[in-house]
Amino acid sequence: MQNIKVGVVGIGRGLSFANGAKFVGMELVALCDVREERLKELGKQYNVATYTEYSKFLEHDMDAVILANYFHQHAPFAIKALESGKHVMSETMACKTPAEGVALIRAVEKSGKIYVFAENYPYFAYNQEMRRLYQAGEIGEMQYGEGEYNHSMDSRTFNLLAPGMNHWRNWIPSTYYCSHALAPIMYITDTHPIGVNALSIPRFESDKERFHVRRGDPGSVILCRMNNESVVRIMGIVMRGHSIWYRIHGTRGLMENLRTGNHSALRIVHEPWDMKEGDQPEKIYQPDFPFHAEEAKKAGHGGGDFFTTYHFAEAIRKNEEPYFNVYRGVEMAMVGIQAWRSCLNNGNHFEIPDFHKESVRKEYESDNWSPWPEDYEPGQPPPSIKGWLTPKEDEIAYARQVWKEMGYDGE
Ligand SMILES: NC(=O)c1ccc[n+]([C@@H]2O[C@H](COP(=O)([O-])OP(=O)(O)OC[C@H]3O[C@@H](n4cnc5c(N)ncnc54)[C@H](O)[C@@H]3O)[C@@H](O)[C@H]2O)c1
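Residues numbered from 1 in each chain as written. Predicted model: local features only at pLDDT ≥ 70, side-chain atom pairs only at ≥ 80, totals over all residues.

A. View of the packing of helix α5 (residues 98-111) against helix α11 (residues 326-343). In the contact formed by α5 and α11, the axes pass within 10 Å of each other and the chain directions differ by 180°. Considering the angle they form, α5 stands roughly antiparallel to α11. Every residue of α11 that contacts α5 at Pro-98, Gly-101, Leu-104, Ile-105 and Val-108 is listed here: Val-326, Tyr-327, Val-330, Ala-333, Met-334 and Ile-337. (Axes fitted to C-alpha atoms, helices over the stretch in contact; angles between N-to-C directions. Helix = DSSP H or I, 4+ residues; strand = E, 2+ residues; numbered from the N terminus. Parallel < 35°, antiparallel > 145°, perpendicular 65-115°, else oblique. Contact = placed C-beta atoms within 7 Å.)

Shown next as structure tokens:
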């Protein structure tokens with residue numbers, strides 16, 4: 001089996017891909033980042049080429065590129081990589097605007113290359129087990145689902161992850177990081193969202209631990225109408241109460257990972273009046289990975305980091321469409337974007353367009369609606385339902401102190 005030569009962009013999150021490449025038959029050959037000093041150190045450590053310029057990086061002899069650069073800058077990077085003949089795996093979000101989503105899909109189709117959206121949460125052992133059970137009919141058809149990805153953190157930790165007044169984590173609207181909550185439900189049930197209604201939860205003055213310069217709201221709830229008429233509730237993102245949790249109510253029962261205690265255990269429930277032979281009213285157990293368990297257990301994010309890279313390598317080797325292809329990736333980005341439109345319209349319904357259809361793409365190909373500071377102009381949306389918030393002096397001072405400690409000397 002010949003190794004697939006891969007380059008990684010972004011030396012934060014990107015290093016988990018750099019470390020995992022060898023376990024799936026990939027060979028790391030290049031790293032790219034604008035943080036020159038740290039990049040050089042890592043180049044020596046991994047014994048690979050390093051580039052601070054993306055266009056030069058793309059000239060390196062390699063088959064595939066993994067994008068772990070800034071959250072809202074993936075689509076233009078992906079399009080350039082596809083145009084230079086590389087397969088692409090991209091971190092969330094796939095695109096920051098509907099227009100970018102259309103352009104990305106067209107670029108993937110034109111290139112004939114593999115594009116994988118790097119969602120890792122569907123590959124937790126309990127989510128893979130839920131998919132197996134659901135596909136076997138254990139709980140019938142989903143009528144209602146819930147997905148939560150709420151990653152609470154103190155101000156210091158947050159500032160370490162968000163260096164700079166305009167770092168994306170300081171501007172992201174509360175609905176945009178929705179894929180960790182939504183992707184597992186899509187994967188388990190093979191359904192997809194066709195519309196959203198959403199409400200955002202603003203900052204509260206009574207929250208005293210908020211010494212950062214985040215302009216976005218801390219949380220939101222998105223209701224997705226799925227293509228089988230079920231409803232899925234998505235909740236996140238940085239409110240108190242860390243939660244990674246998925247539940248599916250089907251026409252024949254319920255399944256979920258445990259809310260308390262061992263979160264990676266699975267609970268299956270059947271009504272006593274609706275049981276088939278072999279069913280139990282309640283079954284709780286700890287599922288294992290269906291395959292490659294040893295490799296997965298060594299990887300980050302509950303094994304998810306192994307399986308995203310594994311499926312990328314497999315899709316390239318077999319020249320097969322991956323499950324999390326460009327259409328599903330852009331669909332999840334569109335949930336974040338359209339849900340933000342809904343939040344700013346007090347929960348009104350917005351469609352999730354079907355970008356398989358060229359006629360639908362035409363409607364969105366010039367839709368550059370964007371909450372990011374570099375796109376600011378009249379008509380563009382604010383990052384909070386409270387508008388454009390200005391961080392207070394003590395918040396800025398504390399953030400700058402943490403950034404200085406970590407060696408960040410930018411704005
Ligand atoms: N799936 C997961 O579990 C998971 C976990 C963490 C982060 N992420 C995602 O990974 C991505 C990166 O996040 P992060 O935590 O590493 O923080 P980050 O976004 O701050 O880091 C991005 C890195 O990309 C580099 N970069 C930015 N612009 C560049 C350019 N033009 N050329 C080269 N390098 C550039 C930065 O210098 C930085 O080192 C984000 O999209 C984030 O959402 C996913």
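B. Quick look at the site of the ligand. Near the ligand you find 18 residues, and of these Gly-10, Gly-12, Arg-13, Phe-71 and Glu-91 are the closest. Of the residues contributing to the shell around the ligand, the split by class is 8 nonpolar, 6 polar and 4 charged. (Near = placed C-beta within 6 Å. Nonpolar A, V, L, I, M, F, W, Y, C, P; charged D, E, K, R; others polar.)

C. Focus on unusual backbone geometry. Met-93 follows Thr-92 through a cis peptide bond whose omega is 0°. Of note, Met-93 is situated in the loop between β5 (87-90) and α5. That bond from Gly-236 to Ile-237 is cis: its omega, 25°, falls within 30 degrees of zero. Take Ile-237: it is sitting in strand β10 (residues 231-237). Even without a glycine there, the phi angle at His-292 is positive, about 50°. Residue Asn-346 is not a glycine yet carries a positive backbone phi of 50°. Along the chain, Asn-346 falls in the loop between α11 and β15 (350-351). For Asn-346, a count of 11 C-beta atoms within 10 Å corresponds to the exposed category. (Buried ≥ 20, exposed ≤ 12 C-beta atoms within 10 Å, placed from the backbone.)

D. View of the domain arrangement of the protein chain. The assigned domain composition of the protein chain is domain 1 (4-120 + 310-318) and domain 2 (125-295 + 326-375). Put simply, the middle of domain 1 and the middle of domain 2, counted by C-alpha atoms, are 25 Å apart. The interface is formed by 22 residues belonging to domain 1 together with 27 residues belonging to domain 2. No other element matches α5, which puts 7 residues into the side of domain 1 that touches domain 2. Looking at side-chain class alone, the side of domain 1 that touches domain 2 contains 15 nonpolar, 5 polar and 2 charged residues. (Domains from an automatic or database assignment.)

E. Focus on the environment of Lys-297. Position of Lys-297 relative to the elements: it lies in helix α9 (residues 293-298). Overall, Lys-297 belongs to the partly exposed group, with 13 C-beta atoms counted inside 10 Å.

F. Representation of the nonpolar core. Ala-78, Leu-104, Cys-178 and Val-335 are the most contacted members of the largest nonpolar core, which has 106 residues in total. Of all the elements, α11 adds the most residues to this core, at 10 residues. In contact with Val-335, other than residues within four places in its own chain, are Cys-178, Leu-182, Pro-193, Val-196, Ile-222, Cys-224 and Ile-352. (Core = buried A, V, L, I, M, F, W, Y, C linked by C-beta atoms within 7 Å.)

G. Representation of the sheet that holds strand β11 (residues 243-250). The 9 strands are arranged β14-β13-β12-β11-β7-β10-β9-β8-β15 in an open sheet whose pairing can be described as mixed. Strands with a single pairing partner mark the edges of an open sheet, and in this sheet they are β14 (282-285) and β15. As judged from the 7 bridges shared by strand β9 (residues 219-226) and β10, these two strands associate in the antiparallel manner. Within β10, the position partnered with Val-221 by the bridge is Met-235. Against the sheet, helix α8 (residues 179-189) makes contact with β7 (142-150), β10 and β11, and its axis sits at roughly 145° relative to β7, the strand it touches most. (Pairing = 2+ DSSP bridges.)

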